[in-house]
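Spelled out, the chains give:
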Amino acid sequence: MNQLSLFGSEDYYQFPEELLEYTEHFLTEKEADELKEKLLKIVPWKQTTQKMYDKTVITPRLTAWFGDDNISYKLDGRQFNVNPWLPELLLLKHRIEESSGYEFNSVLLNLYRNGNDSVAWHRDKESELGNRPVIASVSLGQVRNFDFRKVDNHHQKYSLPLQHGSLLFMKGDLQVNWEHRIAKSSKPMQPRINLTFRLVRKL
């Protein structure tokens, strides 16, 4: 896998490069096109709600979980049961595992339909993921900026445009010290699918 070197020279030395690993063309354009169109059609996309402070709000994107039979996942205090693996997702999981040496047992799919869809600043720090989780993120469709900011210093911010067919590993202490998001955009945006492969542990 290619080591990340995407920021300007000054920023590059400030951002801990061992926390991210990025491959821009993990899938060919043809593979990425075909997978995106297939997932748009066959995935049982759902819109969920989430608690924000004292309000219940509609999540500004569509989601779907897939994984092993014995896996469930807790997020924001809610329990999620997964759909059985689609053959296309299982093949992609095996391909990522073989190329990286990491192991995964579930995948969360997010569909960003347009520039109004987003995910707010957050960290993937649920106890089911362990202390230093490795999360593999595959992007399909519209290029969107993946923003990072330091938890204790919001002036330290970086953005990575996630390309169609790319693969990004988030690892080490990233989920402890850095938050990430996909921001809303006022520019016209086509659909984007993000697949985040995770190893959910039994507690």
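Scope of this entry: the structure provided in the associated data block.

Analysis parameters
- Residues numbered from 1 in each chain as written.
- Predicted model: local features only at pLDDT ≥ 70, side-chain atom pairs only at ≥ 80, totals over all residues.
- Heavy atoms only, no water.
- Pairing = 2+ DSSP bridges.
- Helix = DSSP H or I, 4+ residues; strand = E, 2+ residues; numbered from the N terminus.
- Axes fitted to C-alpha atoms, helices over the stretch in contact; angles between N-to-C directions.
- Polar contact = N/O pair within 3.5 Å; in protein donor to acceptor, adjacent residues only side chain to side chain.
- Buried < 20%, exposed > 50% of the residue type's maximum accessible area, 1.4 Å probe, protein only.
- Phe/Tyr/Trp six-rings, centres within 6.5 Å; stacked < 30°, edge-to-face > 60°.
- Lys NZ or Arg CZ within 6 Å of the ring centre and 35° of its normal.
- Expected span 1.5 Å × (residues − 1).
- Arc of directions from axis to C-beta.

Description of the sheet that holds strand E12 (residues 153-162)
Next, step 1: As summarised here, the arrangement of the four strands in space is E9-E14-E11-E12, forming an open sheet in which the pairing is antiparallel. For this open sheet the edge positions go to strand E9 (119-122) and E12, each flanked by a neighbour on one side alone. Shown here is a sheet whose adjacent strand axes are inclined to one another by a mean of 15°, direction ignored.
Next, step 2: Of the pairings in the sheet, the one linking E9 to strand E14 (residues 178-182) comprises two bridges and is antiparallel in character. Paired with His 122 across the two strands is His 180, which belongs to E14.

Considerations on the side chain of Glu 21
Next, step 1: Residue placement: Glu 21 occurs in strand E1 (residues 20-23).
Next, step 2: Within the structure, Glu 21 has its side chain in polar contact with the side chain of Lys 171 (distance 2.5 Å).

Thoughts on the environment of Leu 90
Next, step 1: Mapping Leu 90 onto the fold places it in helix H3 (residues 87-100).
Next, step 2: When its relative accessible area of 31% is taken as the criterion, Leu 90 is described as partly exposed.
Next, step 3: Separated by 15 residues in sequence, Leu 90 and Asn 105 place their C-alpha atoms 9.5 Å apart.

Observations regarding the packing of aromatic side chains
Next, step 1: Here the structure, examined in full by the defined rule, presents four aromatic pairs.
Next, step 2: Look at Tyr 102 and Phe 169: their rings are 5.2 Å apart centre to centre, the planes differ by 55°, and that puts the pair in the tilted class. Linking Tyr 102 in the loop between H3 and strand E8 (106-112) with Phe 169 in strand E13 (residues 167-170), this pair joins segments that are 67 residues apart in sequence.
Next, step 3: Of the residues examined, Tyr 102 reaches a relative accessible area of 26% and is grouped as partly exposed.
Next, step 4: It is Arg 95 that lies over the ring of Phe 26; its NZ or CZ is 5.2 Å from the centre.

Remarks on H3
Next, step 1: With 14 residues, H3 should cover 20 Å at 1.5 Å per step; its first-to-last C-alpha distance of 20 Å lies within 8% of that length.
Next, step 2: Turning to H3, its buried residues are Leu 89, Leu 92, Lys 93, Ile 96 and Glu 97. Looking straight down H3, one finds that the buried residues subtend no more than 135° of arc, so they occupy a single side. Exposed side of H3, more than 90 degrees from the buried face: Pro 87, Leu 91 and Glu 98 are the residues found there.
Next, step 3: Residue Gly 101 follows H3 closely and has a positive phi angle near 85°.

This is a description of form; function is not addressed.
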